[in-house]
Amino acid sequence: MFAGENFIILEAAKQTDNIIKTVNFLKEQKENIEEVSAAIEKLNAVQELIRNNAQLHSLVQDDLRNILNSPYIKVEEVSRISESFNAILRQASSDLELINEILSSNHLKLTDGERMSTIHLQQQKSKEMVSAVGRKTKRYQEIISFREMQDKINNRETNY
């Protein structure tokens, strides 16, 4: 029986070794999946930032053109209006450069969590910029509408 017990112990040791190898392999795969998941999360966040910036540029182009082409915008207002929209676009470009720096440079010594936190903060800022452009556009459209109505009232024909 002594040889049989050695055989059982040897088989148990082999099985234990295989289990340990399997556990280590599974841990490694889990870490790989977590890395891929984190990379996908970063990619999705950056894609949303890019979409927000594209929307922002499109809004500014279209809205600014419509506002500036209105006959109810005074010449002295054109540069102020243009500058207010351009300031938002400059900030958006600066924010994208920051994100690019965060993602492509290790000299900032950020952890993945800190990078994601910064990216999420920039996402929020970009949403706020889109909202700010919407508010500015609405305000200028209301001014244009008011001036148009004022012009119609002031220039209507009277029949008395």
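See the structure printed just above.
Reading the values: the criteria
- Residues numbered from 1 in each chain as written.
- Predicted model: local features only at pLDDT ≥ 70, side-chain atom pairs only at ≥ 80, totals over all residues.
- Heavy atoms only, no water.
- Core = buried A, V, L, I, M, F, W, Y, C linked by side-chain atoms within 4.5 Å.
- Buried < 20%, exposed > 50% of the residue type's maximum accessible area, 1.4 Å probe, protein only.
- Helix = DSSP H or I, 4+ residues; strand = E, 2+ residues; numbered from the N terminus.
- Contact = heavy atoms within 4.5 Å.
- Phe/Tyr/Trp six-rings, centres within 6.5 Å; stacked < 30°, edge-to-face > 60°.
- Lys NZ or Arg CZ within 6 Å of the ring centre and 35° of its normal.
- Polar contact = N/O pair within 3.5 Å; in protein donor to acceptor, adjacent residues only side chain to side chain.
- Salt bridge = Lys/Arg side-chain N within 4 Å of Asp/Glu carboxyl O.

Once that is clear, we can look at the nonpolar core. Judged by nonpolar contacts, the single largest core of 16 residues is most densely connected at Leu 56, Val 60, Ile 67, Ile 81, Phe 85, Ile 88 and Val 133. Mapped onto this core, the elements with two or more residues apiece are α1 (2–68), α2 (75–104) and α3 (112–154). Per-element accounting of this core gives the leading share, six residues, to α3. Those residues in contact with Leu 56 that lie beyond four places of it in its chain are Ile 88, Leu 89, Ala 92, Met 129, Val 130 and Val 133. Formed by seven residues, the second largest nonpolar core is a distinct cluster that contains Val 46, Leu 49, Ile 99 and Ile 102.

Glancing now at the packing of aromatic side chains. Scanning the model with the defined rule gives one aromatic pair in all. For the pair Phe 85 and Tyr 140, a centre-to-centre distance of 6.2 Å together with 40° between the ring planes defines the contact as tilted. Remark: Tyr 140 occurs in helix α3 and Phe 85 occurs in helix α2; sequence separation between them is 55 residues. Residue classification places Phe 85 among the buried positions, given a relative accessible area of 0%. Judged by its relative accessible area of 5%, Tyr 140 is buried. The aromatic ring of Tyr 140 is capped on one face by Arg 139, whose charged end is 5.0 Å from the ring centroid.

With respect to the secondary-structure elements, Arg 156 resides in the segment after α3. You can call Arg 156 exposed: its relative accessible area is 53%. Within the structure, the side chain of Arg 156 is placed 2.9 Å from the backbone oxygen of Ile 153, a separation counted as a polar contact.

Turning our attention to the pattern of salt bridges. Pairing is possible between side chains that carry opposite charge, provided their charged atoms lie close to one another. Throughout the structure, instances matching the rule amount to ten salt bridges. Close ionic contact of Asp 62 with Arg 65 constitutes a salt bridge, the shortest N to O distance being 3.5 Å. Here the residue Asp 62 and the residue Arg 65 both occupy positions in helix α1, the gap between them amounting to three residues, near one helical turn. Here Arg 65 falls in the partly exposed class, since its relative accessible area comes to 45%. Here Glu 83 and Arg 90 are joined by a salt bridge, their closest N and O atoms 2.4 Å apart. Owing to a relative accessible area of 39%, Glu 83 belongs among the partly exposed residues under this scheme. Here the residues in one salt-bridge network are Glu 77, Arg 80 and Arg 147, joined through shared partners.

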